[in-house]
Amino acid sequence: MSRLVAIVGRPNVGKSTLFNRLTQTRSAIVDDTAGTTRDRQYGMVDWCGQEFSIVDTGGWVVNSEDIFEGEINKQVHIAIEEADVILFVVDASNGVTDLDDQVAAILRRSKKPVILVANKEDKGDARFNVPEFYSLGLGDPVEVSSANGSGTGELLDQIIADMPEPSEDDKPEENVAKFAIVGRPNAGKSSLINAFIGEERHIVTDIAGTTRDSIYHRYNKFGFDFYLVDTAGIRKKQKVNEDIEYYSVIRSIRSIEASDVCILMIDATRGIEGQDASIFSLIQRNRKGLVVCVNKWDLVADKSVTAQKHFEDAIRNKFAPFTDFPILFTSAVTKQRIFKVLETAIEVYNNRKRIIPTSQLNTYMLEQIAVTPPPSNKGKFVKIKYVTMLKESVIPTFIFFCNLPQWVKEPYRRFLENKIREKWDFSGTPIAIFMRDK
Ligand code: GDP
Ligand code: GDP
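Structure report, in brief. Keep in mind it's a predicted model, so treat the numbers as computed, not measured. (Residues numbered from 1 in each chain as written. Chains lettered and ligands numbered in written order. Predicted model: local features only at pLDDT ≥ 70, side-chain atom pairs only at ≥ 80, totals over all residues. Heavy atoms only, no water.)

### Quick notes on the overall build of the protein
A tally of regular secondary structure across the protein gives 13 helices and 16 strands. By residue count, 55% of the 438 residues in the protein fall in the buried class. Sequence-distant contacts, at least 24 apart, represent 74% of the contacts inside the protein between residues at least 6 apart. Of the accessible surface of the protein, which amounts to about 19600 Å², a share of 50% is contributed by carbon and sulfur atoms. (Helix = DSSP H or I, 4+ residues; strand = E, 2+ residues; numbered from the N terminus. Buried < 20%, exposed > 50% of the residue type's maximum accessible area, 1.4 Å probe, protein only. Contact = heavy atoms within 4.5 Å. Areas by Shrake-Rupley, 256 points an atom, 1.4 Å probe, with all protein chains shown as cover.)

Have a look at this one:
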């Protein structure tokens, strides 16, 4: 279940410092696709076994003191729409400002839980200013110092306490594929959904939302049984906000987290853009399945095999090192290969669940390992004796038992992964490889 916390507040109150502080709890295991600018704005928090995602909406707006009020308003509205809990950060060392008042006024009208965070309590007389923030009408301020970490434990407890629990009704059935259609604005997401399901919606069960709109809609079409995630949200999109990059990125987060397989729409007339890569990186970090649709293919003049190949190479280069995923050339308007999209998404879903019988796995992999053993390290040789797959894991997970597991480095793990992918169909799904001492 995806749970999203958004940080809002005027510039320089310490939003990004707080974000870094809170995500530190997880940073070691977040993963290794670091290096994108998004990392500063989206992360995961693990607090006492409870996980949630967090976004620093401030990371997307121009961070200067004379920032447009309009920008802040948008930031707050997005948070209200998309987040489960909102952290409204104020600067205790400054006292209440006009901009704080404005933001508070918007937040007071929302039904979402808001936690007022009085930051920089370590600074000078800041603590004496804290009572002033009661006037914002958002309850007791939680005093923290994002700089030294004091108070952040209490804040995390509060977040968990305020997080709405998904009701029983809002849980989708297991073993039914959940697809999210994601991509930047105008890539053709709503058109694809319409092509799938028609204007009138062929909903089998529309699980009643409780505190918020349900994000799962179940369909039975073309012989496939699946959920589309957040289609209502995509369909009643707000054109006014669609030009803003972070809007579509924040919106994507929840859909991606709630899905098994993401259908990433790319606009063929524009090629790969930064935003496509951001969304791809979210899909990767959440270890979801992937089908790429190069959409609006009807508008492309050169549809030759060479042109397709060129496009495919560009996408795989951009998304490397993960390159084993299907790419389809579609038109949501002429409905070209629409059926194929669903078929492929189901295949990727099945690939995610694929379990290779242990005997087959060992026969093949041990042979490959014998031909290309792990390189020796300082005269030590790694001997891989046995390989097995975990039965209960979200993505295909392989455990290689060996002496000296710590000597097996990333390049060799990649070699193992490539061998696995050559032999069996894991197209579109990430796989995990672990080395273990017996
Ligand atoms: P943002 O614009 O809201 O994201 O604010 P930043 O996180 O960039 O912080 C603005 C400034 O306040 C930076 O110089 C931070 O080092 C400083 N700052 C943030 N949190 C604290 C805090 O808890 N205590 C103190 N003393 N300074 C802080
Ligand atoms: P969204 O913002 O990703 O949901 O994109 P829309 O589905 O609203 O599509 C944006 C625009 O592109 C609309 O004018 C669509 O009619 C058009 N469009 C979407 N898919 C295709 C396609 O495959 N071919 C063509 N020619 N136009 C498309």
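There's plenty left to go through after this.
### Thoughts on the site of ligand 1
For ligand 1, the set of nearby residues contains 16 residues, the closest of which are Asn12, Lys15, Ser16, Thr17 and Asp122. Interatomic distance of 2.6 Å between a side-chain N/O atom of Thr17 and an oxygen atom of ligand 1. In the model, a nitrogen atom of ligand 1 is placed 2.7 Å from a nitrogen or oxygen of the Asp122 side chain. Expressed as a share of its isolated accessible area of 580 Å², the protein-covered part of ligand 1 is 73%. Of all the elements, helix α1 (residues 15-30) adds the most residues to the shell around ligand 1, at three residues. (Near = heavy atom within 4 Å. Polar contact = N/O pair within 3.5 Å; in protein donor to acceptor, adjacent residues only side chain to side chain.)

### Re the pairing of strand β11 (residues 261-267)
For β11, the tally of buried residues reaches seven of seven residues, placing the bulk of the element in the interior. Where burial is concerned, the two faces of β11 agree: the one with Val261, Ile263, Met265 and Asp267 and the one with Cys262, Leu264 and Ile266 are both buried. As judged from the five bridges shared by strand β7 (residues 177-183) and β11, these two strands associate in the parallel manner. In the strand pairing of β11, Ile181 is matched with Ile263. Both β11 and strand β12 (residues 289-295) contribute to a ladder of seven bridges, which runs parallel. (Pairing = 2+ DSSP bridges.)

### Looking at the sheet that holds strand β15 (residues 397-402)
Judged by pairing direction, the sheet is mixed, and its three strands sit side by side in the order β14-β15-β16 without closing on themselves. Each edge of the open sheet is held by one strand with a lone partner, namely β14 (384-389) and β16 (432-437). Taking each pair of neighbouring strands and ignoring which way they run, the sheet shows an average axis angle of 25 degrees. Here β14 runs beside β15; their pairing, made up of five bridges, is antiparallel. Note on β15: the bridge partner recorded for Tyr386 is Phe401. Packing against the sheet, helix α12 (residues 358-371) makes contact with β14 and β15, and its axis sits at approximately 140 degrees to β14. Each of β14, β15 and β16 touches helix α13 (residues 410-423); the most contacted strand, β16, lies at about 120 degrees to it. (Axes fitted to C-alpha atoms, helices over the stretch in contact; angles between N-to-C directions.)

### Brief notes about the site of ligand 2
Asn186, Ser190, Ser191, Asp298 and Ala332 are the nearest of the 16 residues found near ligand 2. A distance of 2.9 Å is found between an oxygen atom of ligand 2 and a backbone nitrogen or oxygen belonging to Gly188. Separating a nitrogen atom of ligand 2 from a side-chain N or O atom of Asp298 is a distance of 2.7 Å. Protein contacts shield 77% of the accessible area of ligand 2, which totals 580 Å² for the unbound molecule. Ranked by residue count, the leading element in the shell around ligand 2 is helix α6 (residues 189-197), at three residues.

### Focus on the pairing of β16
Pairing of β15 with β16 involves six bridges; the strand directions are parallel. What sits directly across from Cys402, in β16, is Asp437. Between the parallel elements β15 and β16, the chain passes through α13 in a crossover that is right-handed. (Right-handed = clockwise from strand over helix to strand, strands pointing away.)

### Let's talk about helix α3 (residues 98-109)
The end-to-end C-alpha distance of α3, which contains twelve residues, comes to 17 Å, matching closely the 16 Å that a straight helix rising 1.5 Å per residue would cover. Among all positions in α3, only Leu99, Asp100, Val103, Ala104, Ile106 and Leu107 are buried. End-on, the buried residues of α3 take up no more than an arc of 165 degrees, which puts them together on one face. What points out from α3, more than 90 degrees from its buried face, is the exposed set Asp98 and Arg109. (Expected span 1.5 Å × (residues − 1). Arc of directions from axis to C-beta.)

### Let's talk about the packing of α6 against helix α11 (residues 338-353)
Running from N to C, α6 and α11 point in directions that differ by 90 degrees, and their axes come no closer than 10 Å. Relative to α11, α6 is oriented roughly perpendicular. On the side of α6, the interface is formed by Leu192, Ala195 and Phe196, while α11 contributes Ile338, Val341 and Leu342. Here the contact of α6 with α11 is built from residues that sort into six nonpolar, no polar and no charged. (Parallel < 35°, antiparallel > 145°, perpendicular 65-115°, else oblique. Nonpolar A, V, L, I, M, F, W, Y, C, P; charged D, E, K, R; others polar.)

### Here we look at the packing of aromatic side chains
Under the definition given, this model contains 14 aromatic pairs. In textbook terms, an aromatic cluster arises when at least three aromatic residues are bridged by ring pairs, as seen for Phe280, Phe319, Phe322 and Phe325. The ring of Phe325 carries Arg316 above its face, with NZ or CZ at 5.1 Å from the centroid. (Phe/Tyr/Trp six-rings, centres within 6.5 Å; stacked < 30°, edge-to-face > 60°. Lys NZ or Arg CZ within 6 Å of the ring centre and 35° of its normal.)

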